[in-house]
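Observations on the model geometry
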Amino acid sequence: MTRNLLQAWQGARARLEAAGIPGPVIDARVLVEAACGVTRADIVADPYRELDAGQVERLDDYLERRIRREPVSHILGRRGFWNLMLGVTPDVLTPRPETEVIVDHALRLFPEGRPFSLLDLGVGSGAILLAILAERPAGRGLGVDASEEALAVARDNAARLGLAGRVALLRGDWTAGLGDNGFDLVVSNPPYIATDVIETLDPEVRVYEPRLALDGGVDGLEAYRTLAPEVLRVLKPGGRFLVEIGFDQRMAVEALFRQAGAMEVETLPDLSTHDRVVTGMKNPLETHG
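A quick note: this is a predicted structure, and the numbers were derived from the prediction, not measured.

So, on to the side chain of Ser188. Its location among the elements puts Ser188 in strand S6 (residues 183-188). Only 2.8 Å separates the side chain of Ser188 from the backbone oxygen of Leu121, close enough to count as a polar contact.

What follows is the structure in structure tokens.
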């Protein structure tokens, strides 16, 4: 019977290990912290703190859900990304550390104090848009998503982070209805997994993540075929773009953006040194229309 924090953590780890859950040590600690309302420091400094019946019951529920492969972000309703804690639901893709490459590079492109306009296509939880704007008070942003449920999550996150005044959120189909030459920076983490690959993914993704945010069509490149010319249309001359890609899509996505007229196209690696983000610029001399 779980009676104290140390026993709770050890027991949770053992249950997750026995169920074959990846990363059981970290998951066990995070779930104990959340279920018992404690921090990592509490577990170290006060390991024999007694748990009440409600905490034990809540932890048991969290562990059962994790053993069914529900992601920790869904169990807790939140996920850390960059320097933010974001609300997350099953209606949005859980933000991942590799996507922080977009944020990191965007902050290099737009130094603090420089005003700029940002467009996030497929905004989801708002992770990329809000992480950039939180660091750059002179920036303003528009997030577009096809899912009204996703926009509701982004809206809540923007409000909670005090960013609602600099963010507009719009339901739409990529850039449909947006004018030409409107943005200094366009970012996107579009669906890029080939349809038949989705069934081979871990249950955390295959069962619990929104299919709309994953399915990139037969070859995984459907979104980029639409996005490449459209991103360049809505960028101001000299504007920049950053789009996330799958680890094996660099050549194809770079080619699509070059064909659309992008300049200085290159691919940035993530911390695992996988190809992760294709970036480039709209010709400074080019205007549409």
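Let us keep going from here.
Burial analysis of helix H7 (residues 127-135) places seven of its nine residues in the buried class, which makes it a mostly covered element. Among all positions in H7, only Ala127, Ile128, Leu129, Leu130, Ala131, Ile132 and Leu133 are buried.

Looking at the secondary structure, you find Gly77 in the loop between helix H5 (72-76) and strand S1 (78-81). With relative accessibility at 29%, the residue Gly77 sits in the partly exposed group. Between the alpha carbons of Gly77 and Pro90 there is a distance of 8.9 Å; along the sequence they are 13 residues apart. Residues in contact with Gly77, not counting those within four places in the same chain, are Leu86, Gly87 and Val88.

Running from N to C, helix H2 (residues 24-36) and helix H4 (residues 53-67) cross one another at 145 degrees; their axes reach a closest spacing of 8 Å. The two elements H2 and H4 cross, and the hand of that crossing is right-handed. Here H2 contributes Asp27, Leu31, Val32, Ala34, Ala35 and Cys36 to the contact with H4, which in turn contributes Gln55, Arg58, Leu59, Tyr62, Leu63 and Arg66. Among the residues making up the contact of H2 with H4, the classes are represented as eight nonpolar, one polar and three charged.

The next subject is the pattern of salt bridges. All told, the structure shown has 24 salt bridges when counted by the stated rule. Through salt bridges that share partners, Asp27, Arg66, Arg69 and Glu204 make up one connected network.

Calculation rules
All residue numbers here refer to positions counted from 1 along the written sequence of the relevant chain. Residue-level local features of this predicted model are given only where pLDDT is at least 70; pairs of side-chain atoms are given and counted only at 80 or more, and the full residue set underlies all totals for whole chains, interfaces and linings. Excluding hydrogens and water, the side-chain values take into account all heavy atoms of the structure. Helix numbers and strand numbers start at the N terminus; a helix is a DSSP run of H or I with at least 4 residues, a strand a run of E with at least 2. Within 3.5 Å is the distance limit for a polar contact, defined as a pair of N or O atoms, with the added protein rule that one can donate a hydrogen and the other accept it, and that residues adjacent in sequence qualify only through two side-chain atoms. Note on classification: 1.4 Å probe, protein chains only; a residue is buried when its accessible area is under 20% of the maximum for its type, exposed when over 50%, partly exposed between these limits. Whether two residues are in contact is decided by their heavy atoms: any pair within 4.5 Å suffices. Axis definition: a line fitted to C-alpha atoms, over the contacting stretch in the case of helices. Angles run 0 to 180 degrees between N-to-C directions. In this scheme, a crossing is called left-handed if the near helix is turned counterclockwise away from the far one by less than a right angle; it is called right-handed if the turn is clockwise. Residues are grouped as follows: Ala, Val, Leu, Ile, Met, Phe, Trp, Tyr, Cys and Pro are nonpolar; Asp, Glu, Lys and Arg are charged; all remaining types, including Gly, are polar. By definition here, a salt bridge exists when the distance from a side-chain nitrogen of Lys or Arg to a carboxyl oxygen of Asp or Glu is within 4 Å.

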